[in-house]
Amino acid sequence: MNSSSSYGISPRFREMALLFLDSCDHFSTAQGVDKYQSFGGGIIVAGRHGNGIQFPNAIVGVDPAHARVIAGLAFYPTALGVQLIQILDTLDTFAGRFIIGVDSSGALIGNYSYLLTPLTPSAAGLVHVGTWYYLEINALTGPDGSATIEVRLDGVVRMSASGLAMPMFSPSPFFWNRFDVGRLVVNAIVDDIYLLDGSTGL
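On to the overall build of the protein. Looking only at helices and strands, the protein features one helix and 14 strands. Expected size for 202 residues packed as a compact globule is a radius of gyration near 17 Å; at 17 Å, the protein falls within 12% of this value. Relative to its full complement of 202 residues, the protein shows a buried share of 48%. Carbon and sulfur atoms provide 56% of the accessible area of the protein, an area that totals close to 9000 Å². Considering the protein, the positive charge centre built from 10 side chains and the negative charge centre built from 16 side chains are found 4 Å apart.

A separate point is unusual backbone geometry. Backbone phi values are negative for most residues with the exception of glycine, while trans is the configuration of most peptide bonds. Residue C24 is not a glycine yet carries a positive backbone phi of 70 degrees. Positionally, C24 belongs in the loop between strand 1 (16-22) and helix 1 (32-35). What makes C24 buried here is its relative accessible area of 0%. Not every positive phi belongs to a glycine, and D192 is a case in point at roughly 50 degrees. With respect to the helices and strands, the residue D192 is situated in strand 14 (residues 188-198).

A few words on the sheet that holds strand 9 (residues 117-118). One open sheet holds the six strands; their spatial order is 4-13-6-7-8-9, and the pairing between them is antiparallel. Because the sheet does not close on itself, it has two edges, and the strands there are strand 4 (58-61) and strand 9. Where strand 6 (residues 82-88) and strand 7 (residues 96-102) come together, six bridges link them in antiparallel fashion. What sits directly across from I85, in strand 7, is I100.

Along the chain, the position of D180 falls in strand 13 (residues 178-181). Residue D180 is classed as buried on the basis of its relative accessible area, which comes to 0%. Only 2.8 Å separates the side chain of D180 from the side chain of R178, close enough to count as a polar contact.

Rules behind the numbers
- Within any chain, residue numbers begin from 1 and follow the written order of that chain's sequence.
- Given that the model is predicted, a residue must reach a pLDDT of at least 70 before its local features are reported, and side-chain atom pairs must reach 80 or more before they are shown or counted; all residues, however, enter totals for whole chains, interfaces and linings.
- Think of the side-chain values as coming from all heavy atoms in the structure, minus any hydrogens and water.
- Numbered from the N terminus, helices here are DSSP runs of H or I no shorter than four residues, and strands are runs of E no shorter than two.
- We compute the radius of gyration over the C-alpha atoms and compare it with the globule rule, which gives 2.2 Å times the number of residues raised to the power 0.38.
- Only protein chains enter the calculation, and the probe is 1.4 Å; a residue is then buried if its accessible area is under 20% of its type maximum, exposed if over 50%, and partly exposed in between.
- With residues, only the protein chains shown are counted as cover, and all accessible areas are computed by Shrake-Rupley using a 1.4 Å probe.
- The positive count covers Lys and Arg only, the negative count covers Asp and Glu only, and His and the chain ends enter neither.
- The location of each charge is read from NZ of Lys, CZ of Arg, CG of Asp or CD of Glu.
- A pair of strands is considered paired only if DSSP assigns at least 2 bridges between the two.
- Under the rule applied, a polar contact is a pair of N or O atoms within 3.5 Å (in protein, one hydrogen donor and one hydrogen acceptor; residues adjacent in sequence only if both atoms are side-chain atoms).

Written out as structure tokens, the structure is:
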């Protein structure tokens with residue numbers, strides 16, 4: 001047998017691909033446009049470990065091989081009320097998939113689909129100004145009520161939803177192709193960013 005299972009590799013790790021990784025430590029502000037599709041006015045500042053990025057919007061265009069998107073980043077809010085992650089399908093007229101952020105009460109919030117339908121928020125007071133946190137999402141995009149999402153803060157599930165109806169008009173093959181870090185905001189610093197696709201979750 002030559003399958004990966006014969007070498008003791010768990011099946012859950014066989015179908016995941018690293019699409020993007022940024023420790024934010026090895027480039028200058030001026031070089032941000034070389035790493036990101038758009039750097040959106042980002043600036044390199046002190047981060048969690050080494051450098052971090054403070055920016056209105058940085059865009060990563062990808063070509064995923066699965067409908068599942070798994071992403072994470074460290075963030076340090078300098079004020080509450082910040083959008084942190086957005087998943088889009090730029091080939092679809094109805095491009096919106098998921099948006100996750102923090103509201104003024106310190107709760108994780110989000111919405112899904114181009115209709116910006118709200119997800120049930122987390123409890124208030126989870127996020128405070130001047131503290132580093134790690135945010136991760138494990139989301140399945142897809143039509144006909146098949147979409148799901150799980151949001152973790154420092155490894156603890158704080159939001160989840162399933163059976164989400166996500167209208168699509170002309171989607172790409174796996175229903176998403178863009179990862180936005182931040183979105184027209186400057187009140188957070190981010191660091192240690194990763195993006196995966198895969199048939200399994202975290």
